[in-house]
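Single-letter residue listing:
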Amino acid sequence: MRIELLEHLTGLEKQPEGFLLDPFQENVFFNLYLEIPVKRTLYMLSPSLSIIYPDKNADVEREIARRETELNRVRKLIVESLIKYTAILEANSYFIEQNDYFLLCRFSEQWARGGYRLKFYTHDVKDIVSNYDDKLYVGHDFFYLTEKRRYFGLNDFIPYLDREFEYIKDKAKEFGLTNPLVKDYMVEIGELVGESLISWEDNKVELDMDRASLEELRQATMNYMEVKHMLVELHDEVREFEYKLRKKGEQENHLSKYVTKFRKDVVNILHYINMKILSRIQQKINSHTE
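Residues numbered from 1 in each chain as written. Predicted model: local features only at pLDDT ≥ 70, side-chain atom pairs only at ≥ 80, totals over all residues. Heavy atoms only, no water.

A.B. asks: Go over the packing of helix 7 (residues 154–174) against helix 9 (residues 214–246) with me, naming the residues and quoting the values.
C.D. replies: Packing of helix 7 against helix 9 brings their axes to within 13 Å, and their N-to-C directions diverge by 30°. Crossing handedness for the pair helix 7 and helix 9: left-handed. Every residue of helix 9 that contacts helix 7 at Leu154, Ile158 and Leu161 is listed here: Tyr224, Val227, Leu231 and Leu234. Broken down by class, the residue content of the contact of helix 7 with helix 9 amounts to 7 nonpolar, no polar and no charged. (Axes fitted to C-alpha atoms, helices over the stretch in contact; angles between N-to-C directions. Helix = DSSP H or I, 4+ residues; strand = E, 2+ residues; numbered from the N terminus. Left-handed = near helix turned anticlockwise from the far one by under 90°. Contact = heavy atoms within 4.5 Å. Nonpolar A, V, L, I, M, F, W, Y, C, P; charged D, E, K, R; others polar.)

This is the structure we're talking about:
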């Protein structure tokens with residue numbers, strides 16, 4: 001049986017860095033479930049790589065067993081990427097802990113340069129099968145088989161905002177939402193998404209924090225703050241739109257669910273810039289004396 005994802009993972013060259021995990025991260029790793037596409041069906045795999053949803057499939061189980069080594073390595077690489085390139089675990093630690101550290105990683109779509117976009121959810125593990133549709137979206141990341149992440153991984157996250165916003169516009173059309181509220185916010189948010197992408201292209205800088213000069217560190221701080229401030233404006237507009245949609249009709253409420261996911265992705269970028277980029281740069285600067 002041909003399973004495209006598993007065949008791709010056979011060519012995986014990356015090895016986990018193997019850095020020490022803190023207790024929370026370790027619990028997430030031991031409770032990380034994978035969701036892989038096989039034709040038009042998503043198969044959920046437990047940490048031991050057993051199929052728990054939907055029904056058992058002997059052909060799929062056989063292919064998973066053949067790729068057990070690669071899949072176990074992938075699980076570790078996914079957690080390491082979450083730690084290095086996102087703030088998803090930190091921002092959602094309360095919900096994840098409340099759900100006994102259950103985290104579901106879905107291989108959502110193929111991405112540029114031989115990679116995949118991953119979507120993450122949490123849920124009460126005891127009810128994940130019976131209440132699958134109620135799982136809580138906590139963010140997304142990008143997984144590459146060979147490529148290295150550039151610009152702290154932000155060169156994946158920020159340009160993808162445009163693609164996400166196009167999806168929201170498509171959903172608004174699908175739901176027949178052409179009222180002034182939706183149309184006006186779509187214009188405003190679309191402009192802010194465009195300005196965010198321009199700000200990113202104007203300010204992105206590749207930085208080796210261990211080798212950068214003090215002047216390079218100071219300039220990088222200003223650059224990434226500029227990007228952050230633009231994203232704050234985008235977030236505030238999206239949050240306002242989300243709130244007003246929930247106060248309207250049924251179709252608007254359906255659209256709000258997609259807007260909520262979009263807002264969460266913006267929030268996760270902001271958390272990541274603050275917690276793992278700017279804070280590290282500022283510590284490097286502050287370690288210098290006058």
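Read on, since the account is not over.
A.B. asks: I'd like a rundown of the nonpolar core, residues and numbers included.
C.D. replies: Judged by nonpolar contacts, the single largest core of 50 residues is most densely connected at Tyr224, Leu234, Leu255 and Phe262. Sorting the residues of this core by element identifies strand 6 (136–144), helix 7, helix 8 (180–203), helix 9 and helix 10 (250–286) as the ones contributing at least two each. Looking at this core element by element, the count peaks at 12 residues for helix 10. Setting aside residues up to four positions removed in sequence, tyrosine 224 forms contacts with Tyr151, Phe152, Leu154, Trp200, Val205, Ile273, Ile277, Leu278 and Ile281. If you look at the next biggest cluster of nonpolar residues, it comprises 39 residues, including Leu89, Tyr101, Cys105 and Phe107. (Core = buried A, V, L, I, M, F, W, Y, C linked by side-chain atoms within 4.5 Å. Buried < 20%, exposed > 50% of the residue type's maximum accessible area, 1.4 Å probe, protein only.)

A.B. asks: I'd like a rundown of helix 8, residues and numbers included.
C.D. replies: The end-to-end C-alpha distance of helix 8, which contains 24 residues, comes to 34 Å, matching closely the 34 Å that a straight helix rising 1.5 Å per residue would cover. Its buried side turned inward, helix 8 meets helix 7, helix 9 and helix 10. (Expected span 1.5 Å × (residues − 1).)

A.B. asks: So what about the pairing of strand 6? Which residues, and what values?
C.D. replies: Counting buried residues along strand 6, 8 of its 9 residues qualify, which places the element largely inside the surrounding structure. Across 8 bridges, strand 5 (residues 115–122) lies against strand 6 in antiparallel orientation. The residue of strand 6 that forms the bridge with tyrosine 121 is tyrosine 137. (Pairing = 2+ DSSP bridges.)

A.B. asks: Pulling in residues and values, what's your account of the sheet that holds strand 6?
C.D. replies: Strand order in the open sheet made by the 6 strands is 3-2-1-4-5-6, with mixed pairing throughout. Whereas interior strands pair on both sides, the edge strands pair on one side only; in this sheet they are strand 3 (51–53) and strand 6. Mean inter-strand twist for the sheet, computed between neighbouring axes without regard to direction, equals 35°. Across 7 bridges, the pairing between strand 4 (residues 103–111) and strand 5 is antiparallel. For glutamate 109, the partnering residue across the bridge sits in strand 5 and is arginine 117.

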